[in-house]
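Remarks on the overall topology
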Amino acid sequence: MRFSISHIMAGATAVFVGYSSAVVLILEAVKSLNGSVELQSSWLLALGLAMGLSSILLSWRYKAPILTAWSTPGVALLIIALAGVSVAEAVGIFIFSSGLILLSGLSGISDRLLKYIPVEIAAAILAGILLKFVLALVPAFDNQPLITATLVIVYFVMRKLTPKLVFFWVLLAAVGLPVLTKQFDASQLIVSAPDWVWVWPEFNFSLLVGVGIPLYVVTMVSQNLPGIMMLRSNGYAVPLSPLLRVTGLFGVIMAPLGAFSINLAAITAAICQTADADTDRSQRYKAAMAAGVFYIIAGLAGSLIVGLFLALPTEATSALAGLALLPVLAVNFRQAFSHEETLLASVMAFIVTASGVNFLGINSSFWGLLIGLVGYYFLSNVSREK
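Below, the discussion takes up the overall build of the protein chain. Across its full length, the protein chain carries 17 helices and 2 strands. Computed over C-alpha atoms, the radius of gyration of the protein chain comes to 20 Å, within 12% of the 21 Å expected from 2.2 N^0.38 for 386 residues, which places it in the range of a compact globule. Principal axes of the C-alpha set define a box for the protein chain whose edges measure 70 × 55 × 45 Å. Going through the 386 residues of the protein chain one by one, you find that 55% of them count as buried. Looking at the protein chain alone, contacts between residues at least 24 apart form 84% of all its contacts between residues at least 6 apart.

Laid out in structure tokens, this is it:
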């Protein structure tokens, strides 16, 4: 199996974007438990190993760019919900939630439900999710015009000159330019060995219902559903149930070390699923496998990874994420809005998802899906009656 530089750089960019967007939230979740620095290190190690191994395994098995991740909406929920909860009770919540994901995969119901989601509606939801990441380029340019403008120029020039190396040049500029302009805070870089902090679970019924079930729902709706839709919209007909079985099992096994949720990635996975990763669609799975290796490295070097993100200006990481996801947004726009018969329903799904509404504590992607499906099937029935 031969890996090209484009596979390696796409994988590195996916991991970089994923960590830069949410690693601070994980540290905050540990703090809400009054956890130690060692516990923070253990959580990052557990997540890195679980995501890395599952990404490599699933991508190799299905020859598709399947990338796993932690649940960013899930960790945001945990920051609030874990206040006053013991670490052992938190581990019990993680095991329970991951166990529900495992059961969802074993039952096979997820694949049956997917048949009722049109590709256009799925693409509209994904576009709504992606929009805020790409829009982050605008305030980044306003706050750091030199860094952001340079990254944009490097991206478009190198995309034309050396398309297979575009991620390499953008990553190099994202790190190198802050160093040259003395905006890189090297004091944040700390190298230390990872910690293994194993915590035996305690199962509190009220917490399992009050936190575990919402964590499961948020993970399924905000991560696994967009993740499988991203694969389908890019031409990879992978069944969902086996993916849930693998991610759920990894979550259960690694929960005592701090893996609160292992699920399908959508945003970062998209970076491995475009032509920038490989012009040959059948070879893009290697980019996700490369990302898996970087996940493992990130887990083993958790302290250094965290320090790197803290050392960079936030505008640099925001611009990097926006540029990496720009072509993905364009593809989903084209799929969502190119058919007249589904146009209105797709627009409805896109607007609701992009709004970021969090009605009843449920992520906007769920409400976008619900509104989009209602609009799609209602308009379809009206058309048939005419």
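Once that is clear, we can look at the packing of aromatic side chains. Enumeration over the complete set of coordinates arrives at 9 aromatic pairs. Arranged with centres 4.9 Å apart and planes meeting at 85 degrees, the rings of Y376 and Y377 form a pair that is edge-to-face. Through a chain of ring-to-ring contacts, three or more aromatic side chains come together here, namely W43, F94 and F260. The aromatic ring of Y62 is capped on one face by R61, whose charged end is 4.6 Å from the ring centroid. Residue placement shows K63 over the ring face of Y285; its charged tip is 5.7 Å from the ring centre.

So, about the environment of N263. Secondary-structure assignment places N263 in strand 2 (residues 263-264). Residues N263 and G248, 15 residues apart in the sequence, show an inter-C-alpha distance of 7.5 Å. With residues up to four places along the chain from it excluded, the contact list for N263 reads L67, T68, A69, W70, S71, T219, Q223, N224 and T247. Among the polar contacts listed, one links the side chain of N263 to the backbone nitrogen of S71, at a separation of 3.3 Å. Here the side chain of N263 touches S261 through a polar contact of 2.9 Å, side chain to side chain.

Attention now moves to helix 2 (residues 37-62). With 26 residues, helix 2 extends 38 Å between its outermost C-alpha atoms, agreeing within 8% with the 38 Å of an ideal straight helix rising 1.5 Å per residue. K63 lies just past helix 2 and shows a positive phi near 50 degrees.

Interhelical geometry of helix 8 (residues 145-161) versus helix 9 (residues 166-180) gives an angle of 160 degrees and a closest axis separation of 9 Å. Considering their axes alone, helix 8 and helix 9 lie roughly antiparallel with respect to each other. Classified by chirality, the crossing of helix 9 by helix 8 is right-handed. Residue-level contacts link L146, I147, T150, L151, V154, Y155, M158 and R159 of helix 8 to V166, W169, V170, A173, A174, L177 and P178 of helix 9. Along the lines of polarity and charge, the residues of the contact of helix 8 with helix 9 split into 13 nonpolar, 1 polar and 1 charged.

Along the chain, T353 turns up in helix 16 (residues 343-355). For T353, a relative accessible area of 4% translates into the label buried.

Turning our eyes to something else, we now look at a nonpolar patch on the surface. Judged by side-chain polarity, M1, F3, I5, I8, L57 and W60 come together as a nonpolar surface patch covering roughly 570 Å² of accessible area. Looking at the nonpolar patch, the elements that each hand over two or more residues are helix 1 (5-32) and helix 2.

Examined against the element boundaries, S107 turns out to sit in helix 4 (residues 87-107). Distance from S107 to R245, taken between C-alpha atoms, is 9.6 Å for residues 138 residues apart in sequence. A polar contact is formed between the side chain of S107 and the backbone oxygen of S104, at a distance of 2.9 Å.

This paragraph deals with the nonpolar core. One finds W43, F94 and F260 to be the most contacted residues of the largest nonpolar core, which totals 119 residues. Here this core takes 13 residues from helix 1, the largest share from any one element.

What follows is about the confidence of the model for the protein chain. Keep in mind that low pLDDT regions are not for reading the predicted coordinates in detail. Here the protein chain shows a mean pLDDT of 82. Residues at 70 or above account for 90%. Confidence, read as mean pLDDT per element, is least for helix 14 (residues 302-311) in the protein chain (68) and greatest for helix 11 (residues 240-254) (94).

This next bit is on helix 15 (residues 314-337). In a regular helix each residue adds 1.5 Å, so 24 residues correspond to 34 Å; helix 15 covers 32 Å between its end C-alpha atoms and thus fits that length. Maximal helix bending in helix 15 amounts to about 40 degrees, located at L326; proline P327 follows within four positions.

At a closest axis distance of 7 Å, the pairing of helix 2 and helix 13 (residues 285-300) adopts a crossing angle of 160 degrees. In terms of orientation, helix 2 lies roughly antiparallel with respect to helix 13. In terms of crossing hand, the pair formed by helix 2 and helix 13 is left-handed. The residues of helix 13 that touch helix 2, namely those facing L44, L45, G48, L49, M51, G52, L53, S55, I56, S59 and W60, are Y285, A288, M289, G292, V293, Y295, I296, G299 and L300. When grouped by side-chain class, the residues that make up the contact of helix 2 with helix 13 number 14 nonpolar, 6 polar and no charged.

Quick notes on the rules
- Residues numbered from 1 in each chain as written.
- Predicted model: local features only at pLDDT ≥ 70, side-chain atom pairs only at ≥ 80, totals over all residues.
- Heavy atoms only, no water.
- Helix = DSSP H or I, 4+ residues; strand = E, 2+ residues; numbered from the N terminus.
- Rg over C-alpha atoms; globule rule 2.2 N^0.38 Å.
- Buried < 20%, exposed > 50% of the residue type's maximum accessible area, 1.4 Å probe, protein only.
- Contact = heavy atoms within 4.5 Å.
- Phe/Tyr/Trp six-rings, centres within 6.5 Å; stacked < 30°, edge-to-face > 60°.
- Lys NZ or Arg CZ within 6 Å of the ring centre and 35° of its normal.
- Polar contact = N/O pair within 3.5 Å; in protein donor to acceptor, adjacent residues only side chain to side chain.
- Expected span 1.5 Å × (residues − 1).
- Axes fitted to C-alpha atoms, helices over the stretch in contact; angles between N-to-C directions.
- Parallel < 35°, antiparallel > 145°, perpendicular 65-115°, else oblique.
- Left-handed = near helix turned anticlockwise from the far one by under 90°.
- Nonpolar A, V, L, I, M, F, W, Y, C, P; charged D, E, K, R; others polar.
- Patch = residues over 30% accessible without salt bridge, like charges linked within 9 Å, V, L, I, M, F, W, Y side chains within 5 Å.
- Areas by Shrake-Rupley, 256 points an atom, 1.4 Å probe, with all protein chains shown as cover.
- Salt bridge = Lys/Arg side-chain N within 4 Å of Asp/Glu carboxyl O.
- Core = buried A, V, L, I, M, F, W, Y, C linked by side-chain atoms within 4.5 Å.
- pLDDT = per-residue confidence, 0-100.
- Bend = angle between axes of the 7 residues up to and from the residue.

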